[in-house]
Amino acid sequence: MIPAETFRQRVYAIVAQIPRGKVASYGLVALFAGRPGAARAVGTAMREVPSRWRGQKLPCHRVIKSDGSLTEAVFGGRQKKILMAEGAKFGRTGRVNMKICEWEGPD
DNA sequence: ACTGTGACTCTAA
DNA sequence: TTTAGAGCCACAG
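Presented here is a report on the structure given in the accompanying data block. (Residues numbered from 1 in each chain as written. Chains lettered and ligands numbered in written order. Predicted model: local features only at pLDDT ≥ 70, side-chain atom pairs only at ≥ 80, totals over all residues. Heavy atoms only, no water.)

With that out of the way, let us pick up the protein's contact with DNA strand B. DNA strand B sits among 17 residues. The nearest are Y26, R40, T44, S66 and F75. Within 4 Å of the protein, atoms of DNA strand B come from sugar and phosphate in 42% of cases. Contact distances for DNA strand B include 3.0 Å between a base nitrogen and a side-chain N or O atom of T44. Elements with a contribution of two residues or more to the surface near DNA strand B: α2 (26-32), α3 (39-47) and α4 (72-75). At seven residues, the largest contribution of residues to the surface near DNA strand B is made by α3. For the surface near DNA strand B, the per-class residue count stands at seven nonpolar, six polar and four charged. (Near = heavy atom within 4 Å. Polar contact = N/O pair within 3.5 Å; in protein donor to acceptor, adjacent residues only side chain to side chain. Helix = DSSP H or I, 4+ residues; strand = E, 2+ residues; numbered from the N terminus. Nonpolar A, V, L, I, M, F, W, Y, C, P; charged D, E, K, R; others polar.)

Here the focus is the side chain of R62. Structurally, the position occupied by R62 is in the loop between α3 and β2 (63-64). The buried category is assigned to R62, whose relative accessible area is 10%. (Buried < 20%, exposed > 50% of the residue type's maximum accessible area, 1.4 Å probe, protein only.)

The next thing to look at is the protein's contact with DNA strand C. DNA strand C sits among T6, F7, R8, R35, G37, A38, R40, A41 and R95. If you look at DNA strand C and keep only atoms within 4 Å of the protein, 78% of those are sugar or phosphate atoms. Here a phosphate oxygen of DNA strand C sits 3.4 Å away from a polar atom, N or O, in the main chain of R8. Contact between DNA strand C and R95: a phosphate oxygen at 2.7 Å from a side-chain N or O atom of the residue.

Here it is in structure tokens:
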């Protein structure tokens, strides 16, 4: 039988697949992880990510809120700069245009 | 098993 | 557009 992977491990696997220039909301990641509505739990999982995984290994900077705003409480303003460099489109209010940049999901 | 916590989300005003 | 309140879930103690 299938060894039960923890939700958190699943989340890390999903986030690792988010392509450059795209973003995914916590809720969307939860959905792909097989637990719709567990957006908050995804946030908790991201909080526990080892610093070494941050960056190319685990692009947690591409995980944002459903309305397109960023988690500045953790990244400080740095996150916006990184996403812009990756090609993410920002609106006038400083939020990502989810209509265009939201990840469509893993293959 | 229960309770508290938090990088969330939705609805209404 | 922004703020406020209630609902959600996984994880640690």
